[in-house]
Amino acid sequence: MTIILKIILFIVLAPFLSGLISKIKNNLRLRKGQSIFQPYYNLAKLFSKAEVVSEHASWIFGVTPFIVISSALTAALFINSISGLLLLIFVFALGRFFLALAALDAGSSFGGMGASREMFISSLVEPAFCLVIFSLFLQSGSTNLTVASIVSGIALFLITVAETSRVPVDNQETHLELTMVHEAMVLEYSGRSLALLELASYIKQMILVILVARIIFPVTMPVFAGIIIVAAVVALLEVSVAKMRLFRVADFLGVAFVLGIIAVVCAILGV
Amino acid sequence: MANLLLKQLFLFDPLSIFFLIVIGIVSLPSAIYSIGYMRGEYKRGKCILAAALLIVFVFSMCMVVTAGNIFSFLVFWEIMSLVSYFLVIFDTKHVKSVQAGLIYIVMTHIGTAFLIGGFMILYKHANCLDFFTIKNICQTIPFQTKNIIFLLLLVGFGTKAGIVPLHIWLPYAHPQAPSHISSIMSGVMIKTAIYGLIRFVIFILGVNQTWWGSLVLVLATITCLAGIIYALMERDLKRLLAYSSVENIGIILLGVGLSMFFISINKPYLAVFSLIAGLYHLINHAVFKGLLFLCAGSVYKATGTRDIEKLGGLIKKMPQTAAYFLLGAMAISALPPLNGFISEWLTLQAFFLGALDVTGGTKLFLGLCAAMLALTGGLAAACFVKAFGITFLAQPRSHYAKEAKEVSFSMKAGMFFLSALVVILALNALKIIKLLAKVASVSTGIDIGNMSFSLNNFILTPQIANNVYLSAPLLAAILIIFAIVAYAVYMSFGRQKAVVYKTWDCGYYKLDARNEYTSTAFSKPFRIAFSFFLQPYRKTQKIRESFYHVKSFTYETHTTQVFKKYIYDPVLALVLKSAKAMRRMQPGSIHLYLGYIFITLLLLIVFMRKF
């Protein structure tokens with residue numbers, strides 16, 4: 001029962017986090033900005049609209065939204081334990097695999113571009129993610145705030161930026177052909193399918209932000225405060241840096257990888 | 001000598017039986033598949049020849065894994081290599097086949113030469129050929145000699161398995177054979193080399209040097225990464241699969257190497273566990289790679305091409321083949337809840353659990369190996385998104401793909417059999433782990449009587465709620481339930497039918513297959529990110545009518561095979577050069593030759609007197 005409650009809580013609160021980040025972003029830019037509940041309005045609008053499907057698309061295109069949302073929700077079940085985090089890598093990969101296939105399905109070059117870039121970025125994320133989990137695994141048992149946990153938290157933050165398509169890796173707000181990654185993949189989707197995909201990416205973002213908050217901040221601090229701080233940092237990063245060229249992303253994730261190595265070394269040294 | 005040979009001709013222990021099962025479950029569907037595949041492709045006589053060769057091939061592999069002494073092992077090993085050579089050059093119409101066969105036969109014999117070297121040293125110490133006697137004697141062999149034997153065997157079996165940089169033959173030979181043979185070669189034959197490594201290094205020789213395991217781990221990591229990066233660049237569907245076999249051999253060797261490492265530092269639990277992970281991936285790879293090769297064969301049969309740039313849209317023409325290929329691609333990309341996920345998950349766990357039991361820098365080493373495995377997994381997913389997406393989705397890129405038809409019943413039956421195995425191997429993970437534990441225990445000589453491999457005791461499993469732990473069927477159930485719930489929600493928001501319309505084309509009115517993303521374009525980010533390894537070459541040329549109007553544009557790109565360029569080509573050049581020099585010794589004069597014989601005789605006499 002608690003599991004179902006937890007999942008429902010995830011679904012209900014995930015769009016809020018997205019609204020919060022964009023609200024903070026807008027305020028930092030000295031704009032009034034959209035309502036903090038805008039993501040809910042968007043979802044409601046999308047759920048009530050009819051869909052347009054490409055004539056070239058196959059059944060892959062149709063089933064993908066369900067697989068993607070299912071993988072995001074499954075991932076939300078396993079964020080309590082270290083071995084669950086390891087599972088996260090694989091479960092996220094399932095959703096991404098189908099999303100990339102669906103992007104290729106309609107036969108537009110945007111989709112192909114998005115799929116290719118998304119797979120590129122995510123394959124570089126995986127080793128860094130694995131090292132972060134490895135470092136946490138070595139420190140498991142200790143709940144103290146250590147250098148190792150802070151470094152692995154920072155590495156995970158960079159991974160979160162890449163995985164949730166935030167600036168400087170990707171830009172959720174853009175629809176410029178040459179710069180979009182995630183948006184390019186879902187370009188052919190509309191209506192309820194798009195709503196499911198959007199919801200899935202909100203949930204994924206929520207999972208990763210919670211993880212970062214839990215790793216960096218001491219356990220005594222309430223999780224909500226941690227989440228809001230991480231969200232504020234994400235927003236600050238988004239307004240203060242420009243999007244990178246795609247091939248610079250490899251360097252960006254290289255930094256995450258090196259931080260992962262440092263985190264492992266710190267965990268071994270016990271600091 | 002004669003009774004030395006006859007003693008212990010066969011050996012049926014769990015390790016042998018495990019490999020017999022692997023051979024059986026891939027060969028049977030491939031044989032069924034070949035009925036439909038060969039029909040219409042070759043003349044009747046040639047089909048019968050192919051069937052005969054197939055039988056001898058499978059038989060020789062069975063004998064290799066059940067041989068009880070070194071002599072019969074080598075004999076059947078050679079038969080296996082020769083028969084597979086004939087199968088590689090089976091398609092004699094293509095010049096490529098003959099070239100591929102030549103590379104294969106040369107490399108495989110270099111490998112066998114190293115094996116014979118290793119076996120001769122073993123024989124010198126044991127004075128006997130059967131496995132158990134040698135195993136007993138091995139405890140007395142000094143460690144320097146053991147090191148030499150290990151290295152010889154590693155190179156010998158490594159050549160057959162396709163460890164980088166000895167993999168050079170694999171991407172040529174495997175795709176060139178008929179598809180059902182490719183499936184057996186990639187699925188099973190290269191695994192006999194893993195059998196050899198486990199049998200001779202772990203079982204007979206016994207691992208007591210830590211660097212053996214470390215060396216295998218390093219080689220395995222390099223093999224994984226190099227294999228999958230080359231696979232990503234490939235546009236020939238069967239060569240892509242062949243390179244991916246190189247990658248998977250690396251993953252299997254990660255398990256085996258880790259097991260060797262733990263044996264040498266005396267951690268029996270972890271040693272058994274790592275070997276289970278390796279063996280599990282071995283049988284999984286046999287099944288899904290066999291499946292993928294059969295699907296690639298179906299695509300070839302239906303379209304007449306293996307170049308994925310010319311394919312596309314096949315999911316509508318060949319729905320069943322597409323579904324089987326998708327299943328295989330998901331399994332090989334380690335997506336939950338399929339079988340590839342389970343074995344990669346076990347391998348990752350072996351690294352994680354192992355790191356708790358070692359100290360200092362070794363922890364970091366294991367962590368880095370695990371990270372590289374994760375990178376391999378990510379790249380494999382990208383590779384198979386490309387393979388499936390470009391081949392089966394969107395619009396057909398050529399008339400070959402437009403006119404494709406679904407393949408015949410026997411071919412579908414072969415693919416169905418292997419697809420079912422992919423699912424079975426995933427859902428019965430726990431039982432299989434228990435069975436593999438027996439195999440691993442016999443191979444390593446570790447008693448597993450008091451070890452438990454139940455889910456919450458030994459294997460790290462995520463806990464969902466109190467006392468509810470994750471298992472493969474449960475994960476599958478969770479995923480399916482969530483998908484169904486999402487579908488129910490989707491349906492409850494109205495049932496208006498989706499409008500079918502053109503793909504968004506930015507107002508450009510004739511979007512066709514030429515606008516689609518290609519395989520080369522898909523792999524471009526990887527080509528640039530790994531350019532230090534791939535050394536891509538590109539040339540663009542514009543032909544202009546005037547300054548403003550470009551009439552045509554040519555683009556050429558290819559990557560450099562670094563191992564071929566920096567290792568094999570120089571060696572080959574050296575061999576040719578020395579052959580040229582040696583030719584002076586052979587001017588055709590019979591007197592000179594008699595002189596050579598006389599000098600050789602004299603030297604031999606002196607040599608024999610001296611020692």
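All values reported here derive from a predicted model rather than from experimental measurement.

Parameters at a glance
Residues numbered from 1 in each chain as written. Chains lettered and ligands numbered in written order. Predicted model: local features only at pLDDT ≥ 70, side-chain atom pairs only at ≥ 80, totals over all residues. Heavy atoms only, no water. Helix = DSSP H or I, 4+ residues; strand = E, 2+ residues; numbered from the N terminus. Rg over C-alpha atoms; globule rule 2.2 N^0.38 Å. Buried < 20%, exposed > 50% of the residue type's maximum accessible area, 1.4 Å probe, protein only. Contact = heavy atoms within 4.5 Å. Phe/Tyr/Trp six-rings, centres within 6.5 Å; stacked < 30°, edge-to-face > 60°. Lys NZ or Arg CZ within 6 Å of the ring centre and 35° of its normal. Expected span 1.5 Å × (residues − 1). Buried area = accessible area lost by both parts, 1.4 Å probe. Salt bridge = Lys/Arg side-chain N within 4 Å of Asp/Glu carboxyl O. Polar contact = N/O pair within 3.5 Å; in protein donor to acceptor, adjacent residues only side chain to side chain. Nonpolar A, V, L, I, M, F, W, Y, C, P; charged D, E, K, R; others polar. Pairing = 2+ DSSP bridges. Domains from an automatic or database assignment. Axes fitted to C-alpha atoms, helices over the stretch in contact; angles between N-to-C directions. Parallel < 35°, antiparallel > 145°, perpendicular 65-115°, else oblique. Left-handed = near helix turned anticlockwise from the far one by under 90°. Disulfide = S-S within 2.5 Å. Patch = residues over 30% accessible without salt bridge, like charges linked within 9 Å, V, L, I, M, F, W, Y side chains within 5 Å. Areas by Shrake-Rupley, 256 points an atom, 1.4 Å probe, with all protein chains shown as cover.

Turning to the overall build of chain B, a few remarks are in order. Looking only at helices and strands, chain B has 25 helices and five strands in total. In terms of overall dimensions, chain B is globule-like: its C-alpha atoms have a radius of gyration of 27 Å, near the 25 Å expected for 611 residues. Here the C-alpha coordinates of chain B stretch approximately 95 × 75 × 55 Å along the principal axes. In chain B, which comprises 611 residues, the share counted as buried stands at 57%. Partitioning the intrachain contacts of chain B with sequence separation of at least 6 by distance along the chain shows that 79% fall at a separation of at least 24.

Bringing the overall build of chain A into the picture now. In terms of helices and strands, chain A carries ten helices and one strand. Starting at the N terminus, the α and β elements of chain A follow one another as α-α-β-α-α-α-α-α-α-α-α. On C-alpha atoms alone, chain A measures out to a radius of gyration of 18 Å, which is about the 18 Å that the 2.2 N^0.38 rule sets for 271 residues. Seen through its C-alpha atoms, chain A measures out along the principal axes to roughly 60 × 45 × 35 Å.

Our next topic: unusual backbone geometry. With an omega of 5 degrees, the peptide bond between Val164(B) and Pro165(B) qualifies as cis. Residue Pro337(B) follows Pro336(B) across a cis peptide bond; omega there is 0 degrees. Within the secondary structure layout, Pro337(B) lies in the loop between helix H14 (319–332) and helix H15 (339–357). Although it is not a glycine, Ser165(A) sits at a positive phi angle of roughly 50 degrees. The residue Ser165(A) is located in the loop between helix H6 (147–163) and helix H7 (182–185) in this model. Judged by its relative accessible area of 8%, Ser165(A) falls in the buried class. You will see that Cys506(B), though not glycine, has its phi angle at about 60 degrees, which is positive. Examined against the element boundaries, Cys506(B) turns out to sit in the loop between strand S3 (499–501) and helix H21 (519–522). Looking at Cys506(B), the relative accessible area reads 36%, which means it is partly exposed.

Attention shifts here to the packing of aromatic side chains. Residue and element names in this part refer to chain B. All chains considered together, the criterion is met by 43 aromatic pairs over all chains. Plain terms: the ring middles of Trp-211 and Trp-212 are 6.5 Å apart, the flat faces sit at 80 degrees to each other, and that makes the pair edge-to-face. What makes Trp-211 partly exposed here is its relative accessible area of 34%. Arranged with centres 6.3 Å apart and planes meeting at 20 degrees, the rings of Tyr-487 and Tyr-490 form a pair that is stacked. In this pair, Tyr-487 and Tyr-490 are both assigned in helix H20 (residues 472–492), three residues apart and thus about one turn of the helix distant. Residue class for Tyr-487 comes out partly exposed when judged on its relative accessible area of 43%. On the accessibility criterion, Tyr-490 (12% relative accessible area) is buried. Every member of this aromatic cluster is reached through a ring pair, and the members are Phe-73, Trp-77, Phe-119, Phe-131, Phe-157 and Phe-200. Geometry around Tyr-172 places Arg-239 over its ring, the cationic atom sitting 5.2 Å from the centre. For the cation-ring pair, Arg-544 lies above Phe-547, with the distance from its terminal atom to the ring centre recorded as 6.0 Å.

All names here are of chain B. An ideal rise of 1.5 Å per residue puts 33 Å on 23 residues; helix H3 (residues 44–66) measures up with 33 Å between its terminal C-alpha atoms. For H3, the complete set of buried residues consists of Ala-50, Leu-53, Leu-54, Phe-57, Val-58, Ser-60, Met-61, Met-63, Val-64, Val-65 and Thr-66. Structurally, H3 contributes buried residues whose contacts are with helix H2 (14–38), helix H4 (70–88) and helix H9 (179–205).

Turning next to the interface of chain A and chain B. Across the boundary between the two partners, chain A contributes 73 residues, which contact 80 residues of chain B. Summed over both partners, the interface of chain A with chain B buries about 6,700 Å², with 79% contributed by carbon and sulfur atoms. On the surface where chain A and chain B come into contact, there are zero salt bridges. Linking chain A with chain B are 16 residue pairs in polar contact (both at pLDDT 80 or more), by the criterion used here. Those elements giving two or more residues to the side of chain A that touches chain B turn out to be helix H1 (2–28), strand S1 (52–54), helix H3 (59–77), helix H4 (82–105), helix H5 (109–139), helix H8 (191–216) and helix H10 (246–269) of chain A. By residue number, the principal contributor to the side of chain A that touches chain B is H5(A), which donates 18 residues. Considering only residue class, the side of chain A that touches chain B consists of 48 nonpolar, 17 polar and eight charged. Inspection of the sheet shows S1(A) paired to S3(B) by three bridges, in the parallel sense. What sits directly across from Val53(A), in S3(B), is Val500(B).

Attention shifts here to the domain arrangement of chain B. Domain annotation for chain B reports domain 1 (1–206), domain 2 (212–219 + 228–495), domain 3 (513–558) and domain 4 (568–609). Placing a centre on the C-alpha atoms of domain 1 of chain B and another on those of domain 3 of chain B gives a separation of 41 Å.

This paragraph deals with the packing of helix H7 (residues 143–161) of chain B against helix H10 (residues 210–233) of chain B. Residue and element names in this part refer to chain B. Relative orientation of the contacting elements H7 and H10 amounts to 20 degrees, with a least axis distance of 12 Å. By the angle between their directions, the pair H7 and H10 is classed as roughly parallel. H7 and H10 meet at a crossing whose hand is right-handed. Taken together, the residues of H10 that come into contact with H7 (itself represented by Lys-146, Asn-147, Phe-150, Leu-151 and Leu-154) are Trp-211, Trp-212, Leu-215, Val-216 and Leu-219. Among the residues making up the contact of H7 with H10, the classes are represented as eight nonpolar, one polar and one charged.

Let us look at the environment of Ile137(B). Residue and element names in this part refer to chain B. Relative to the assigned elements, Ile-137 resides in helix H6 (residues 131–137). Between the alpha carbons of Ile-137 and Ala-126 there is a distance of 5.9 Å; along the sequence they are eleven residues apart. Discounting chain neighbours no more than four positions away, the residues touching Ile-137 are His-125 and Ala-126.

Looking now at the state of the cysteines. Counting across every chain of the model gives zero disulfides over all chains. There is no disulfide at Cys383(B), and the cysteine sulfur nearest it, in Cys224(B), is 13 Å away.

Helix length check: helix H5 (residues 95–126) of chain B, at 32 residues, gives a terminal C-alpha distance of 46 Å against a target of 46 Å (1.5 Å per residue), a fit within 8%. With its phi angle positive at about 55 degrees, Asn127(B) sits one or two positions after the end of H5(B).

On to the packing of H4(B) against H5(B), then. Residue and element names in this part refer to chain B. Their axes nearest at 9 Å, the elements H4 and H5 cross at an angle of 175 degrees. By the angle between their axes, H4 is roughly antiparallel relative to H5. In terms of residue class, the contact of H4 with H5 is made up of 15 nonpolar, seven polar and one charged.

Next up on the list: a nonpolar patch on the surface. Residues and elements named next belong to chain B. Nonpolar side chains collect at one region of the surface, where Met-582, Met-585, Ile-590, Leu-592, Leu-594, Tyr-596 and Ile-597 lie side by side and expose about 690 Å² of accessible area between them. Per-element accounting of the nonpolar patch gives the leading share, five residues, to helix H25 (residues 590–610). Tracing the backbone shows Leu-594 in helix H25. Take Leu-594: its relative accessible area is 52%, and that puts it in the exposed class.

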